[in-house]
Amino acid sequence: MSVTNRGSLGNASMIGRASAAALEGPADGEPRVASPEVARCLAEVKGQAQFLLYLADQIEESLAQLETESDRTHSAFLCKVLSMYSTQLESRHQGLGDRIAETCQEVYLAVRDFDPS
């Protein structure tokens with residue numbers, strides 16, 4: 001992760017290196033997030049986004065099956081499944097918006113600790 005700080009020319013490179021070092025993980029070189037709370041929030045956003053992608057894929061697949069289905073019973077089943085996926089997609093996308101707002105707030109707080117200005 002690259003960190004660039006804007007400040008006086010003499011201190012900018014030193015602050016940038018210090019901030020970058022603070023964001024590096026343990027000896028394995030893995031980058032780490034500035035705080036455990038930011039890490040938790042980002043993990044939740046990623047998890048919810050992955051679930052939304054999964055739901056979208058399932059909706060696509062089920063719609064394709066529905067278009068070619070000739071059995072009325074199976075078509076009715078697919079309609080119920082699509083309704084369930086659609087409801088989940090709608091409710092989860094609202095939750096994702098809340099998580100994104102929370103994550104942005106946590107990032108703001110973490111960055112404030114590193115910002116020299």
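Coordinates for the structure precede this section.
Summarised in this report is the structure supplied together with it. (Residues numbered from 1 in each chain as written. Predicted model: local features only at pLDDT ≥ 70, side-chain atom pairs only at ≥ 80, totals over all residues. Heavy atoms only, no water.)

### What about the side chain of T103?
- Mapping T103 onto the fold places it in helix α3 (residues 72-114).
- A polar atom in the side chain of T103 sits 3.4 Å from the backbone oxygen of C41.
- Contact partners of T103, with chain neighbours within four places excluded, come to C41, L42 and V45. (Helix = DSSP H or I, 4+ residues; strand = E, 2+ residues; numbered from the N terminus. Polar contact = N/O pair within 3.5 Å; in protein donor to acceptor, adjacent residues only side chain to side chain. Contact = heavy atoms within 4.5 Å.)

### Digging into α3
- Its 43 residues give α3 an end-to-end C-alpha distance of 61 Å, which sits within 8% of 63 Å, the value for a rise of 1.5 Å per residue.
- The set of residues buried in α3 consists of S75, L78, V81, L82, Y85, L96, T103, E106 and A110.
- Between a side-chain oxygen at the N-terminus of α3 and the backbone nitrogen of T73 the separation is 3.2 Å; the capping residue is D71. (Expected span 1.5 Å × (residues − 1). Buried < 20%, exposed > 50% of the residue type's maximum accessible area, 1.4 Å probe, protein only.)

### Remarks on the environment of S35
- Relative to the assigned elements, S35 resides in the loop between α1 (9-23) and α2 (36-68).
- Spatially, the C-alpha atoms of S35 and A110 are 6.7 Å apart, while their sequence positions differ by 75 residues.

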